[in-house]
Amino acid sequence: MQASNEPLNALLTGVPELARLPGRDLVEVARYLIPLEANLVQGCLAASGIPAVLADANLVQTDMLLAPALGGVRILVPADHLQQAQAVLEAFARGEFELGEDADVSGS
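The numbering scheme is per chain: residues are counted from 1 as the chain's sequence reads. Given that this is a predicted model, residues contribute local features only at a pLDDT of at least 70 and side-chain atom pairs are listed and counted only at 80 or more, while totals for whole chains, interfaces and linings are drawn from all residues. Side-chain metrics in this entry use all non-hydrogen atoms of the structure; hydrogen atoms and water are not considered.

Participant: Run through the environment of A67, naming residues and quoting values.
Facilitator: Segments assigned H or I by DSSP are reported as helices when at least four residues long, segments assigned E as strands when at least two residues long, and all are numbered from the N terminus. For A67, the position within the fold is in helix α4 (residues 67-70). Distance from A67 to D56, taken between C-alpha atoms, is 9.4 Å for residues eleven residues apart in sequence. Contacts are assigned to residue pairs that have any heavy atoms within 4.5 Å of one another. Ignoring anything within four residues of it in the chain, the contact list for A67 reads L33, V60 and G72.

Dropping the structure here:
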C-alpha cells in the first residue's frame, strides 16, 4: 500500500518555498529563472559552509524558453541549515558578496 501524499500536497500548496522533498531532509530556499544566478547563489551558500544543491538546472539550461513553465532552478539545503541559508540569501540580495572594482580575480 502506498503512503498518502495529502500532507505533502497541503504543504506544497500552502508554502511552496519551504516544500520538503519526500524521503529527504532537503528544503527549497530559492528559485531562479537564470541558471547562472542560481549557481552564483549556490556558491555563496557553499562558501558560507552550507551544503546546497541545485535542482532542475540542467533541464532549464537546455531550453531557457521553458524555464518559467518549469518553475526555474531550485536551490535546496538541508532543513537544519534553513535559517543560515536564509541569512546568506538576504546578504546576497544586499550585495555583500559583490567583488569590488579592484578585486584580484587572477587566482594567484
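Participant: Could you give an account of the side chain of H81, naming the residues involved and the relevant values?
Facilitator: Here H81 lies in the loop between β3 (73-78) and α5 (82-94). Polar contact is the term for a pair of N or O atoms within 3.5 Å; when the atoms are in protein, one must be able to donate a hydrogen and the other to accept it, and sequence-neighboring residues count only if both atoms are side-chain atoms. Here the side chain of H81 touches D80 through a polar contact of 3.3 Å, side chain to side chain. Those residues in contact with H81, other than ones at most four positions away along the chain, are G49, I50 and P51.

Participant: So what's going on with the environment of F92? Which residues, and what values?
Facilitator: Inspection of the secondary structure puts F92 in helix α5. Taking the C-alpha atoms as reference points, F92 and V41, 51 residues apart in sequence, are found 7.4 Å from one another. In this view, F92 contacts E37, V41, C44 and F97; residues no more than four positions away in its chain are not counted.

Participant: Any details on the sheet that holds strand β1 (residues 26-32)? Residues and values, ideally.
Facilitator: If DSSP finds at least two bridges between two strands, the strands pair. Spatially, β1-β3-β2 is the arrangement adopted by the three strands of the open sheet, whose pairing is antiparallel. For this open sheet the edge positions go to β1 and β2 (53-55), each flanked by a neighbour on one side alone. Direction aside, the axes of adjacent strands within the sheet are offset by 35° on average. Geometry is summarised by axes, namely lines fitted to C-alpha atoms with helices restricted to the contacting stretch, and by angles between N-to-C directions that run from 0 to 180 degrees. Where helix α2 (residues 35-47) meets the sheet, its contacts fall on β1, β2 and β3, and the angle it forms with β3 comes to roughly 15°. Relative to the sheet, α5 contacts β1 and β3, its axis offset from that of β1 by approximately 15°.

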